[in-house]
Amino acid sequence: MRSYANQLPSQLNKSLHPFYMVFGEEPFQEAQCVYAIKQAAKRQGFDEIIKFNYLPGFDWQELLAQYNSMSLFSARTLIEFDLNQLKPGTPGSQAFKKLTEHLNPDVIVIIKGSKAGQDIQRSAWFKALDKQGLFVPCYTLAGNHLHRWLDEQCSALQLNLNPDAKRSLLEATEGNLLATHQELEKLSLLYKHQPIDHTQVLNGLLNQSKYDIFDLNSALLQGDAHTAIKVLLKLADDNVEATSVLWTFNKEAQTLLEIKSAMQQGENLNQLFKRHNIWKNQQALTQHALDRLTINQLKNIINCLAEFDAAYKRSAMVAPYQALAHIALSFCMSIDMPLPYQLDAH
């Protein structure tokens, strides 16, 4: 049975399930859902909490033994099992199925994991747990879903943000629900029940947008100059080492050049994707970059990267992130500007 994160509270008020599968790509929602399940279980006398983390070499018999044992300290137990973004494999699949064969009414199991795609949902272990439990997918929120979530949080915290204030808050904490919620809690302490405009939000707001190098890769492949520079600025604020960004630029450029050159020799694109480990969720973006960038553009980018690397190693780069922004723009458009480094540096 499926219940989305915003539906979970009403489900918990009705009854408890023996199994909860909280899977997704939004860590704040996942944590909130797990907390809500624990609180509901505690109200029903599930006082003892046992945690397992799945790592290579994990003994699945420990999980089975704990599920089937009687606690010395509590009549009822909650087991929190974190898959750590991994799949359970054959031993884990068998163990999960065994849990469903002999239900223990005094134990509730919460299983946390990454996004459950169709391959996961079609697996025998998932179907067995789903038949007797509750599947709670935690998706990344965007558009109307994100605004609805924000309205719900404001209502719960008794906050009265005007539309401009909400927009400013979401823009500054883009991609990071935890940061958004933390800002709302601060506003609640300062302005509960009072009208709040965007000036009050911005006065106490730190830019906590959550970006990483993977977001930068996507922007480069899309040719999205605005997002690429936005992510670079955030990485610079977070003191991400310039050489890490250089490495990912070089990897993308070299891969695109090799695929583009092989395509001109008549090689099949799907085979090239397979050879270069381009996963399905990146193939459309990679195709877009291949259609947009010429071989000469890619060679020029690689030359700029080599120039950056040489200057950076001899401490001649005046503004490393400014130079990286120049190279990022080269992925998105044709530009002819020198990199910002000191020619006579030693």
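Here goes a summary of the coordinates provided. Every value quoted in this text rests on a predicted model; they were computed, and no experiment measured them. Positions within a chain are numbered from 1, following the residues in the order the chain's sequence is written. Under the rules for a predicted model, residues below a pLDDT of 70 receive no local features and side-chain atom pairs below 80 are neither given nor counted, while totals for whole chains, interfaces and linings still include all residues. The side-chain quantities take in all heavy atoms of the structure and omit both hydrogens and water.

## With respect to the sheet that holds strand S4 (residues 107-113)
Definition in use: We treat two strands as partners when DSSP finds at least two bridges between them. Every helix listed is a DSSP run of H or I at least four residues long, and every strand listed is a run of E at least two residues long, numbered separately from the N terminus. Axis geometry follows a simple rule: fit a line to the C-alpha atoms, using only the stretch in contact for helices, then measure angles between N-to-C directions, giving values from 0 to 180 degrees. Contacts were defined at the residue level, with two residues in contact if any of their heavy atoms lie within 4.5 Å.
Here five strands make up an open sheet; going across it, the order is S2-S3-S4-S1-S5 and the pairing parallel. The open sheet terminates on both sides in strands that have one partner only, identified here as strand S2 (48-53) and strand S5 (134-138). Within the sheet, the average angular offset between the axes of one strand and its neighbour, ignoring direction, is 15 degrees. Sheet strands in contact with helix H2 (residues 27-43) are strand S1 (19-24), S2, strand S3 (77-82), S4 and S5, and its direction is about 180 degrees off that of S4.

## Quick word on the packing of helix H11 (residues 213-222) against helix H13 (residues 242-264)
The angle between the axes and the distance between the axes are what describe a pair of packed helices. Let me state the cut-off plainly: Crossing chirality is assigned from the near helix's rotation relative to the far helix, an anticlockwise turn below a right angle marking it left-handed and a clockwise turn marking it right-handed. Gly counts as polar in this scheme, as do all residues outside two lists: the nonpolar Ala, Val, Leu, Ile, Met, Phe, Trp, Tyr, Cys and Pro, and the charged Asp, Glu, Lys and Arg.
Between H11 and H13, the shortest axis-to-axis distance is 11 Å and the interhelical angle comes to 40 degrees. The way H11 lies across H13 gives a crossing that is right-handed. Residues Ile213, Leu216, Asn217, Leu220 and Leu221 of H11 lie in contact with H13, whose contacting residues are Ser244, Val245, Thr248, Phe249, Glu252 and Leu256. In terms of residue class, the contact of H11 with H13 is made up of seven nonpolar, three polar and one charged.

## Concerning unusual backbone geometry
Keep in mind that most residues, glycine aside, have a negative phi and that most peptide bonds are trans. For clarity, the threshold we go by: Type-normalised accessible area, obtained with a 1.4 Å probe on protein chains alone, sets the label of each residue: buried when under 20%, exposed when over 50%, and partly exposed for intermediate values.
We note that His193 has phi near 75 degrees; this positive angle belongs to a residue other than glycine. Relative to the helices and strands, His193 resides in the loop between helix H9 (177-191) and strand S7 (195-196). For His193, a relative accessible area of 59% corresponds to the exposed category. Positioned with a positive phi, Asn239 is a non-glycine residue whose angle comes to about 60 degrees. Turning to its location among the elements, Asn239 is positioned in the loop between helix H12 (225-237) and H13.

## What about the pairing of S4?
To be explicit about the condition: Clockwise travel from the first strand over the helix to the second, with the strands pointing away from the viewer, marks a crossover as right-handed.
Of all the seven residues making up S4, seven are buried; the element is thus mostly covered by neighbouring parts of the structure. A two-sided burial pattern is seen for S4, the buried positions comprising Val107, Val109, Ile111 and Gly113 on one face and Ile108, Ile110 and Lys112 on the other. By the bridge criterion, five bridges tie S1 to S4 in an arrangement that is parallel. Bridge pairing in S4 places Phe19 opposite Val109. In this sheet, S4 lies alongside S3 in parallel orientation, the contact comprising six bridges. Its bridge partner being in S4, Asp82 is matched across the sheet by Lys112. For the crossover from S3 across helix H4 (residues 89-101) to S4, the handedness is right-handed.

## Digging into H4
Under the convention used in this document: Here the expected length of a helix is defined as 1.5 Å per residue gap, with one fewer gap than residues. Picture the helix axis, draw a direction to every C-beta atom, and the arc is the one those directions span.
Over its 13 residues, H4 extends 19 Å from the first C-alpha to the last, a length consistent with the 18 Å expected when each residue adds 1.5 Å. Among the residues of H4, Gly92, Ser93, Ala95, Phe96, Leu99 and Thr100 are the ones counted as buried. Burial along H4 is one-sided: seen end-on, the buried residues are contained in an arc of 165 degrees. Residues of H4 that are exposed and angled more than 90 degrees away from the buried face: Thr90 and Glu101. Along its buried surface, H4 packs onto S1, helix H3 (60-68), S3, S4 and helix H6 (124-132).

## Description of the side chain of Glu30
Counted only if it meets this: When charges are counted, Lys and Arg contribute as positive and Asp and Glu as negative, whereas His and the chain ends are disregarded. By convention in these notes, a salt bridge is any Lys or Arg side-chain nitrogen within 4 Å of a carboxyl oxygen on Asp or Glu.
Residue position: Glu30 is located in helix H2. As a buried residue without a salt bridge, Glu30 has its nearest oppositely charged side chain in Lys112, at a separation of 4.5 Å. Those residues in contact with Glu30 that sit more than four places away from it in its chain are Val22, Gly24, Lys112, Gly113 and Cys138.

## What about the packing of aromatic side chains?
As a reminder of what qualifies: Stacked, tilted and edge-to-face pairs are distinguished by plane angle, under 30 degrees for stacked and over 60 for edge-to-face with tilted covering the rest, among Phe, Tyr and Trp rings (Trp via its six-membered ring) whose centres lie within 6.5 Å.
For the coordinates displayed, the defined rule picks out 19 aromatic pairs. Taking the centre distance of 6.2 Å and the plane angle of 20 degrees together, the rings of Phe19 and Tyr67 count as stacked. Taken together, the residues span a long stretch of sequence, with Phe19 in strand S1 and Tyr67 in helix H3 at a distance of 48 residues. Measuring from ring centre to ring centre gives 6.2 Å for Tyr54 and Phe58, while their planes differ by 85 degrees; the resulting arrangement is edge-to-face. Chaining the aromatic ring pairs together yields one cluster made of Phe23, Phe52, Tyr54, Phe58, Trp60, Phe81, Phe96, Trp125, Phe126 and Phe135.

## A closer look at the pattern of salt bridges
By the definition in use, this model includes 11 salt bridges. Measuring nitrogen to oxygen at the nearest pair gives 2.6 Å for the salt bridge that ties Asp151 to Lys166. Placement of the pair is Asp151 in helix H7 (residues 143-156) and Lys166 in helix H8 (residues 163-172), with a sequence separation of 15 residues.

## Quick notes on H12
In plain terms, the rule: Polar contacts here mean pairs of N or O atoms no more than 3.5 Å apart (in protein, one a potential hydrogen donor and the other a potential acceptor; neighbouring residues in sequence count only if both atoms are side-chain atoms).
With 13 residues, H12 extends 18 Å from end C-alpha to end C-alpha; this agrees with the ideal 18 Å at 1.5 Å per step. Three or more residues of H12 are buried, namely Ala225, Ala228, Val231, Leu232, Lys234 and Leu235. Along its buried surface, H12 packs onto H11, H13 and helix H17 (320-332). Two or three places before His226, at the start of H12, stands the capping residue Asp224, its side-chain oxygen 3.4 Å from that residue's backbone nitrogen. Taken from the residues just after H12, Asn239 is the one with a positive phi, measuring 60 degrees.

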